[in-house]
Amino acid sequence: MKIQWPLCGPKLSLCCSIISVWGIVQFLLMGVFFYMEAAPLLEDFEFDHNTSNTKVFKENLSNAYNQRAHNCWIAAFLYVGLLVIAGSQFMTNQKQSSDTNNPTSMSTRFSGLNSEENGFNRQYQMQYNSGENEQ
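Computed from a predicted model, the values in this text were never measured in an experiment. The written sequence of each chain sets the order in which its residues are numbered from 1. The predicted nature of this model means local features are confined to residues of pLDDT at least 70 and side-chain atom pairs, given and counted, to a pLDDT of 80 or more, with totals for whole chains, interfaces and linings taken over all residues. Heavy atoms from the whole structure form the basis of all side-chain values; hydrogens and water molecules are not counted.

> What is the right way to look at the overall build of the protein in this model?
The helix and strand labels rest on DSSP assignments: H or I over at least four residues marks a helix, E over at least two residues marks a strand, and numbering proceeds from the N terminus. The helix and strand tally for the protein stands at two helices and zero strands. Sorting the 135 residues of the protein into buried and exposed places 19% on the buried side. For this analysis, residues touch if any pair of their heavy atoms sits within 4.5 Å. Sequence-distant contacts, at least 24 apart, represent 77% of the contacts inside the protein between residues at least 6 apart. Accessible surface is estimated by sampling points in the Shrake-Rupley manner with a 1.4 Å probe; for residues, cover comes only from the protein chains shown. Element-wise, carbon and sulfur atoms account for 58% of the exposed surface of the protein, whose accessible area totals about 11,100 Å². Exposure is judged per residue with a 1.4 Å probe applied to protein chains only, and the accessible area is read against the type maximum: over 50% gives exposed, under 20% gives buried, and values in between give partly exposed.

> Sorry if this is basic, but what is going on with the nonpolar core here?
Most often, soluble globular proteins have nonpolar side chains that are buried together. We define a nonpolar core as any set of buried Ala, Val, Leu, Ile, Met, Phe, Trp, Tyr and Cys residues linked to one another through side-chain atoms lying within 4.5 Å. Within the largest apolar cluster, eight residues are counted, these being F34, A38, L41, F45, L61, Y65, A69 and C72. Looking at this core, the element that brings in the most residues is helix α2 (residues 54-100), giving four residues. Setting aside residues no more than four positions away along its own chain, Y65 makes contact with F34, E37, A38, A39, L41, L42 and F45.

> Sorry if this is basic, but what is going on with the environment of F33 here?
Relative to the helices and strands, F33 resides in helix α1 (residues 10-35). On the accessibility criterion, F33 (40% relative accessible area) is partly exposed. Distance in space between the C-alpha atoms of F33 and R68 is 9.9 Å, their sequence separation being 35 residues.

> I'm lost on the state of the cysteines in this one. Help?
Joining two cysteines, a disulfide is a covalent bond between their sulfur atoms. Criterion for a disulfide: a pair of cysteine sulfur atoms at a distance within 2.5 Å. Going through the model one piece at a time under the given rule, you end up with zero disulfides. Counting only cysteine sulfurs, C16 is the nearest neighbor of C15, a cysteine outside any disulfide, at a range of 5.6 Å. Here C15 falls in the partly exposed class, since its relative accessible area comes to 39%. Look at C16 and you get partly exposed, because its relative accessible area is 24%.

Right under this line is the structure:
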């Protein structure tokens, strides 16, 4: 399915793409660390303090680590989907702007002007009257 018209603008699609890449990396790494049963992540669990059998405790802890690892990998997969959608929107916006030669909102409003015409280097001369000349 090829989308011919953009659902969102170029800035939003670029922002969503960047956030998606960040989310993919973060959740993949967190999933790996949960799968390895990293000790610093132990604080994220709530424990039943009444358990006296260590074998049951270790089994429940291992199951909890594995469940959270799978949850992180599912979240990373959802971010992959968002990256595909946002990336296709960004490419659609770029293709549409190159086909029509109309500047998008990502291009500057002053793209066709030199620095003297756009007013950035213009010096405004103002004259101030001192109180001595007034009578």
